[in-house]
Amino acid sequence: MKFEDLFLEIGGFGRFQILVLFILCLPRINLPMHFLLHNFLAATPSHHCAIPPQEAFENLTTEEVLLISIPRDPDGTFRSCEMFSQPQFQLLLNSSLQPENSSIIQHCQHGWVYDHSQFTSTIATQWDLVCEQRGLNQATATFFFIGVTIGAVIFGYLSDRFGRKAMLQLSLVCSVVFGMLSAASVSYSMLAITRTLTGVALSGVSLIVLPLGMEWVDIEHRTFSGILTSIFWSIGNMLLAMVAYLVREWHWLLVAVTGPCLLSIVCLCWVPESARWLIANGQVKQAHRNLLRCARMNGRKDFTVSTEALRKMAIDKKPGGSYSYISLFRTPVLRKISLCSGVVWFGVAFSYYGMSMNLTGFGLNMYLSQFVFGIIEIPAKMIMYVLVNRIGRRQSQAWSLILTGLCIGANVIIPKLAVMGKGFSESAFTNVFLYTSELYPTILRQNGMGYTSFVARLGGSLAPLVFLLDEVWRSLPEVTYCGVAVCCGSVAFLLPETLNVCLPEEWENCKYLSHIHKEEKKLLQIT
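Residues numbered from 1 in each chain as written. Predicted model: local features only at pLDDT ≥ 70, side-chain atom pairs only at ≥ 80, totals over all residues. Heavy atoms only, no water.

Participant: Give a description of the nonpolar core that names residues and reports values.
Facilitator: Within soluble globular proteins, side chains that are nonpolar generally end up buried alongside one another. Of all hydrophobic cores here, the largest spans 109 residues; its most connected members are Phe 35, Phe 40, Leu 168, Trp 216, Leu 291, Tyr 353 and Phe 429. Mapping this core onto the domain boundaries places at least three of its residues in each of domain 1 (1-45 + 132-319) and domain 3 (328-526). (Core = buried A, V, L, I, M, F, W, Y, C linked by side-chain atoms within 4.5 Å. Buried < 20%, exposed > 50% of the residue type's maximum accessible area, 1.4 Å probe, protein only. Domains from an automatic or database assignment.)

Below is the structure:
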């Protein structure tokens, strides 16, 4: 008996699976509230150099003081990072005659004055992360994604070694601890460290939720469960817009987006460990108890299976097995899958976060942009649900990423295409989680997800820094995102198709791996 046959007897998609998926969707809502928090946490309001008071200014209005103290751009707006070394009183008579002598212009000497009409405070206003320090402001997102990158490696291995549920609980607890420490930061260095550690912790949530849910459902409902879980990411996107709109102070905003993790920790106590993982690691008694629990809740009270029958299914009876990230590159087929999927993940994350962290670049209110970007993802996921079952995972993955890049490139000319590009980008992200989890066998699945997530977070780490290229050429960031997305999307055509294929626990039964040589199977110890 194979595990998929066993699922038919206990109910492959009943009340038990619905409740498991619902509970796992709770932490999924919380993820974008942290992953995209940089948009509001590090928002930079309009600002100008602080002007020290002088006796000569006593009879002047605020506007007149700015006029004689701050140089203006050709469009008439005051510059954010420069001031006159001496007041230019002649501008009171004719403000259109801006001084041509650049020697009287200097960088801000006394700090900055910020517009607090939209934000009470952000980390940019807290520590003056503007002008020459602008790079540190953008680096905050990079630090977070570096943490996510490290966490992908750590939790990818640990969840295969010690189980999905235990590591998911650990990552949630650590997320709460480090999230609250971030909110209490008293210096930029403390914030950078705690946000990095928060990224490490949340990486475990991102990495484990989908595979744990999919390992409890049958083949028929696997795509549905993946899309359903992904929809809650979009709900989190929209909730972030509303929470950020209501909470304008960065300390409390961090508290507001971290608190819901406590609910997830409590609810997760009910979710059982993956029976697939337990059987694959020889823990058949616990797997037996979990399967009976599933069968009873699904109304299959007559279901019986012996622990001996489960023991025969075990791929590796030794807890933890002997598999590592090196196993992902041990055979030619695995090397091709791992290298190509890594490139695809990089392109997906690089383009997705490149669009998601540029809310002010599309001509809309940033709260409205965040909400629209969240809501547009839901129909995109619905369309993807149909496409992956009609034309397959590979074609859907490749074209959604290529079209993302083309929309980003066209956005330079037609800004409204950003919304369409965001839809394609989310479609690519939705599919890549499902696709990758189907490419690897149970014994390597979390290692595979950990590796691809690691590569994706490299893309996420670099995406915010690309915005700094606008100092070279205003459209260079968009051109960069476009080129990377199109190239990486093309690589997806090299991956095998997994539509209607079993989750590969026994590789010889998987259609797309039927051509693996016998010596490769022996090397992987999976026959």
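Participant: Can you break down the packing of helix H9 (residues 222-246) against helix H19 (residues 417-439) residue by residue, with the values?
Facilitator: It is at 10 Å that the axes of H9 and H19 come closest, and there the two elements cross at 140°. Taken together, the axes of H9 and H19 are oblique relative to one another. As H9 packs across H19, the resulting crossing turns out to be right-handed. Of the residues in H19, those touching H9 at Arg 222, Thr 223, Ile 227, Ser 230, Trp 233 and Asn 237 are Lys 422, Glu 426, Thr 430, Leu 434 and Glu 438. Split into classes, the residues belonging to the contact of H9 with H19 amount to 3 nonpolar, 4 polar and 4 charged. (Axes fitted to C-alpha atoms, helices over the stretch in contact; angles between N-to-C directions. Helix = DSSP H or I, 4+ residues; strand = E, 2+ residues; numbered from the N terminus. Parallel < 35°, antiparallel > 145°, perpendicular 65-115°, else oblique. Left-handed = near helix turned anticlockwise from the far one by under 90°. Contact = heavy atoms within 4.5 Å. Nonpolar A, V, L, I, M, F, W, Y, C, P; charged D, E, K, R; others polar.)

Participant: If you had to explain the domain arrangement of the protein to someone new, which residues and values would you point to?
Facilitator: For the protein, the domain assignment lists domain 1 (1-45 + 132-319), domain 2 (47-114) and domain 3 (328-526). Between the C-alpha centres of domain 1 and domain 3 the distance comes to 19 Å. On the side of domain 3, 54 residues touch domain 1, which itself brings 53 residues to the contact. Both sides together, the interface formed by domain 1 and domain 3 hides about 4800 Å², and carbon and sulfur atoms give 65% of it. Residues Arg 134 and Asp 470 are paired through a salt bridge, measuring 3.4 Å at the closest nitrogen-oxygen approach. Taken together, the links from domain 1 to domain 3 amount to 17 residue pairs in polar contact (both at pLDDT 80 or more). (Buried area = accessible area lost by both parts, 1.4 Å probe. Salt bridge = Lys/Arg side-chain N within 4 Å of Asp/Glu carboxyl O. Polar contact = N/O pair within 3.5 Å; in protein donor to acceptor, adjacent residues only side chain to side chain.)

Participant: Which residues make up the packing of aromatic side chains, and what values go with them?
Facilitator: With the rule as written, the count across this model stands at 27 aromatic pairs. Centroid distance Tyr 352 to Phe 429: 5.0 Å. Interplanar angle 90°. Geometry classified as edge-to-face. Taken together, the residues span a long stretch of sequence, with Tyr 352 in helix H15 (residues 332-356) and Phe 429 in helix H19 at a distance of 77 residues. Pair check on accessibility: Tyr 352 and Phe 429 agree, each one buried. A residue is classified by how much of its surface remains accessible, and Phe 429, at 7% relative accessible area, is buried. Each residue in the set Phe 35, Phe 144, Phe 145, Trp 233, Trp 345, Tyr 352, Tyr 353, Phe 429 and Phe 433 is aromatic and connected to the rest through ring pairs, giving one cluster. The residue whose ring lies beneath Arg 293 is Trp 270, and the NZ or CZ to ring-centre distance is 4.5 Å. (Phe/Tyr/Trp six-rings, centres within 6.5 Å; stacked < 30°, edge-to-face > 60°. Lys NZ or Arg CZ within 6 Å of the ring centre and 35° of its normal.)

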